[in-house]
Amino acid sequence: MGLLSKLFSSKQADTKESNIQTTFKSNELKKKDNENIAKRKGDIGEYKINIQLDQLSKEFKHLKDVMVKNTKGKTGYSQIDHIVISPYGIFVIETKNYQGTIYGDKDRKVWSVNGKFKMMNPFKQNYGHIQALKALIDEKYHPYFISMVSFTKRCTFKIDDMELRKITSSDLLVYDIELSDYIDRKVSVNKHQYKEPFLTDSEIQQIYDQIERANITDQSLRKQHVESLKKENAKSKEEKAKCKICQKTVSGKVKSYCLSNKKFKGEIYCYEHQKNI
């Protein structure tokens, strides 16, 4: 009986270990499948945006997937999704491939998706990109930059500052299908307001050439930049949410509540300190 009992116990242990390994492999496969699906959606989204921007007026110049040096960036570089240089503005475009409700406003340090997933304020991110581009061109062109952040139509905006949706703003929040329309409208507004264009054809070409020359195409450096960003994001996810005031660790529920509530401005507070905000 003792031998049979040992054999039975051993078989149970092997079965349990096998089930754990199967579950682990299944989870890993699901994770990879989700990553592949997200990448395909992202690629399709970028393809559609490229078509939109390439169909803008012939006098506009469009650059995509530009990586330039940025001494103030975490990785030492800025990777910019799209740049459109027009006679009435230089549009720097950050694209986001998320799904859900987007909470935030211009002054929040942190935005969130569905009140759970945190991300850096994309306008602050784009500000860094613009500063990196300003370092490449003559200072007289610096006032002509326009920051645009684009989300897919799978998102819903819950934004406190609706100025970001107004064409008169120099910081524009748009859906991806609106990109070319917003650029055309912004150019029309500036054209109506100012008698002369900001940039001549030769200046547009000059700025285009300067950015093109600075664009880093070395694939090893690009890969290194992406890996560094992934590590930063992973580190951020591992960090437990803490109250800004007392540094007490809070639950995911409290974190979600704070991130989705405009009065906390993207900061997290424990129950006790929420009362004083």
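Starting afresh in each chain, residues are numbered from 1 along the sequence in its written order. Given that this is a predicted model, residues contribute local features only at a pLDDT of at least 70 and side-chain atom pairs are listed and counted only at 80 or more, while totals for whole chains, interfaces and linings are drawn from all residues. In computing side-chain properties, one takes all heavy atoms of the structure into account and sets aside hydrogens as well as water.

The name given to the chain in an unreviewed UniProt entry is Nuclease-related domain-containing protein, with the source organism recorded as Gracilibacillus marinus.

Each helix and strand in the chain was counted, giving seven helices and nine strands. Each of the 277 residues in the chain was classed as buried or not, and the buried ones make up 40%. Counting contacts in the chain only where the partners sit at least 6 residues apart, residues at least 24 apart contribute 60% of the total. Total accessible area on the chain is roughly 17,300 Å²; 51% of this is exposed by carbon and sulfur atoms. By definition, any uninterrupted DSSP run of H or I lasting at least four residues is a helix, any uninterrupted run of E lasting at least two residues is a strand, and each is numbered from the N terminus. Three exposure classes are used, based on accessible area relative to the maximum for each residue type with a 1.4 Å probe and protein chains only: buried under 20%, partly exposed in between, and exposed over 50%. Two residues form a contact once any of their heavy atoms are found within 4.5 Å. Under the convention used here, a 1.4 Å probe and the Shrake-Rupley method define accessible areas, while residue burial counts only the protein chains that appear.

What follows is about the nonpolar core. Burial of nonpolar side chains together is a common tendency in soluble globular proteins. Ile83, Ile85, Met148 and Ile183 are the most contacted members of the largest nonpolar core, which has 36 residues in total. In terms of nonpolar packing, the next biggest core, distinct from the first, is built from 13 residues, Ile102, Trp111, Val113 and Met119 among them. Nonpolar cores are built from buried Ala, Val, Leu, Ile, Met, Phe, Trp, Tyr and Cys residues. Side-chain atoms within 4.5 Å join them into one set.

The term salt bridge refers to a pairing of a side-chain nitrogen on Lys or Arg with a carboxyl oxygen on Asp or Glu at a separation within 4 Å. As enumerated under the stated definition, the model contains seven salt bridges in all. Here Asp171 ties to Lys106 by a salt bridge, and the two come within 3.1 Å at their closest N and O atoms. Linking Asp171 in strand S9 (residues 171-175) with Lys106 in the loop between strand S4 (100-104) and strand S5 (110-113), this pair joins segments that are 65 residues apart in sequence. We classify Lys106 as partly exposed; its relative accessible area is 36%. Put simply, Asp181 and Arg185 hold a salt bridge, and the shortest N to O gap is 3.8 Å. Within this pair, Asp181 and its partner Arg185 are both found in helix H3 (residues 179-193), separated by four residues, close to a single helical turn.

Pairing of aromatic rings covers Phe, Tyr and Trp, the last counted by its six-membered ring, and requires centre-to-centre distances within 6.5 Å; plane angles under 30 degrees mean stacked, over 60 mean edge-to-face, and any other angle means tilted. Summed over all chains, the structure comprises nine aromatic pairs. Between Tyr194 and Phe198, the aromatic rings sit 5.2 Å apart at their centres with planes inclined by 70°, giving edge-to-face as the arrangement. A relative accessible area of 38% means that Tyr194 is categorised as partly exposed. For Phe198, a relative accessible area of 17% corresponds to the buried category. Two conditions define a charge located above a ring, namely a distance within 6 Å from the ring centre to NZ of Lys or CZ of Arg, and an angle within 35 degrees of the ring normal. Lys61 extends its terminal NZ or CZ atom over the ring of Tyr208, reaching a point 5.5 Å from the ring centre.

Now for the sheet that holds strand S6 (residues 117-120). Within a sheet, adjacent strands bond to each other through the backbone by hydrogen bonds, running parallel or antiparallel. Strand pairing follows a simple DSSP-based rule, namely that at least 2 bridges must link the two strands. Across the sheet, four strands lie side by side as S6-S5-S4-S8; this open sheet has mixed pairing. Each having just a single partner strand, S6 and strand S8 (155-159) make up the two edges of the open sheet. Recorded for the sheet is a direction-independent mean angle of 25° between the axes of neighbouring strands. Bridge count for S4 against S5 is two bridges, and the pairing is antiparallel. When the sheet's bridge partners are listed, Tyr103 is paired in S5 with Ser112. A fitted line through C-alpha atoms represents every axis, and for helices the fit uses only the stretch in contact; the resulting angles, taken between N-to-C directions, go from 0 to 180 degrees.

Here we come to helix H4 (residues 201-214). By this rule the span expected of a helix is its residue count minus one, scaled by 1.5 Å. Given a rise of 1.5 Å per residue, 14 residues ought to cover 20 Å, and the 20 Å separating the end C-alpha atoms of H4 matches this to within 8%. Among the residues of H4, those classed as buried are Glu203, Ile204, Ile207, Gln210 and Ile211. Projected down its long axis, H4 shows its buried positions confined to an angular sector of 130°, all on one face. Exposed positions of H4 whose direction lies more than 90 degrees from the buried face are Asp201, Ser202 and Arg213. Looking at the buried residues of H4, the elements they touch are strand S1 (61-69), strand S2 (77-86), strand S3 (89-96) and helix H2 (122-134). Working definition: the arc comes from the directions between the helix axis and the C-beta atoms, pointing outward to the latter.

We now examine the pairing of S4. Where burial is concerned, most of S4 is hidden: five out of the five residues are buried. Relative to S8, S4 is paired through five bridges, and the arrangement is parallel. Note on S8: the bridge partner recorded for Ile102 is Phe157. What sits between the antiparallel neighbours S4 and S5 is a turn of five residues.

A word on H2. Look at H2: 18 Å from first C-alpha to last across 13 residues, which is about the 18 Å you get at 1.5 Å a residue. Looking at H2, one finds that the buried residues are Pro122, Phe123, Asn126, His129, Ile130, Ala132 and Leu133. Projection of H2 onto a plane perpendicular to its axis shows the buried side chains occupying an angular sector of 170°, all on one side. Taking the backbone nitrogen of Phe123 as reference, a side-chain oxygen 2.8 Å away marks Asn121 as the first, capping residue of H2. Any pair of nitrogen or oxygen atoms within 3.5 Å is treated as a polar contact; in protein, a donor-acceptor pairing is required on top of that, and neighbouring residues in sequence qualify only through side-chain atoms on both sides.

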